[in-house]
Amino acid sequence: MIIPVKTSARTQMIDITSQVRRAVQESGVRDGLVHVCSMHTTGAVTINENADPAVETDILNTINKVIPWDDHFKHLEGNSAAHIKVSLFGPSEIIPLEKGSLVLGTWQGIFFCEFDGPRSRKVNVKVLAG
Ligand code: ZN
């Protein structure tokens, strides 16, 4: 199942936990693993705190400091910073599924990370029974 994500900034974290939960419910699978995968080379998926939005701000401010947008990169499209960030964050996460619920900690949420927005994005959710 594809989750569409519309982003509104160059770098942004968007909480997609509720959309992933809905996709899992629609699959009908109650136990197994849930693979959540970005379909882009400049957008990642990560799990982190979704209680305090300042955490997102701190993560984005720090990654933008570590990997500046312009650092004499060779890639002609001009978005190497975004490609590098995706390789650091990773394109996907795997979440255990037990009794129909995602096994996440109290403060954990699933985020799509935009690194070259704003754009229309797609996240693939695959539920594996087992
Ligand atoms: Zn590129």
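Model, not experiment: these values are computed from the prediction.

**Q** Teacher, can you tell me more about the coordination of the zinc ion here?
**A** For the zinc ion, the full set of protein donor atoms is His 75 (NE2), Glu 77 (OE), Asn 79 (OD1) and His 83 (NE2), at a range of 1.9 to 2.2 Å. Considering all four donor atoms around the zinc ion, the spread of angles at the metal, 91 to 148 degrees, places the coordination shape in the irregular class. Mapping the donors of the zinc ion onto the primary sequence gives the spacing H-x1-E-x1-N-x3-H. The buried category is assigned to Asn 79, whose relative accessible area is 2%.

**Q** Hey, could you run me through the nonpolar core in this one?
**A** Across soluble globular proteins, you tend to see nonpolar side chains buried next to one another. Ile 16, Val 20, Val 34, Val 36, Leu 102, Ile 110 and Val 123 are the most contacted members of the largest nonpolar core, which totals 20 residues. Sorting the residues of this core by element identifies strand 1 (2–6), helix 1 (17–27), strand 3 (32–38), strand 4 (43–49), strand 5 (92–98), strand 7 (108–114) and strand 8 (120–129) as the ones contributing at least two each. Those residues in contact with Val 36 that sit more than four places away from it in its chain are Ile 16, Val 20, Val 45, Pro 91, Ser 92, Glu 93, Ile 95, Ile 110, Val 123 and Asn 124. Formed by 11 residues, the second largest nonpolar core is a distinct cluster that contains Val 86, Phe 111, Cys 113 and Phe 115.

The rules we used
- Residues numbered from 1 in each chain as written.
- Predicted model: local features only at pLDDT ≥ 70, side-chain atom pairs only at ≥ 80, totals over all residues.
- Heavy atoms only, no water.
- Donors = N, O, S within 2.8 Å, 3.2 Å for Na, K, Ca; no water.
- Tetrahedral: all angles 85-135°; square planar, octahedral: opposite > 155°, others 65-115°.
- Buried < 20%, exposed > 50% of the residue type's maximum accessible area, 1.4 Å probe, protein only.
- Core = buried A, V, L, I, M, F, W, Y, C linked by side-chain atoms within 4.5 Å.
- Helix = DSSP H or I, 4+ residues; strand = E, 2+ residues; numbered from the N terminus.
- Contact = heavy atoms within 4.5 Å.

Functional significance is not addressed by these values, which are geometric in nature.
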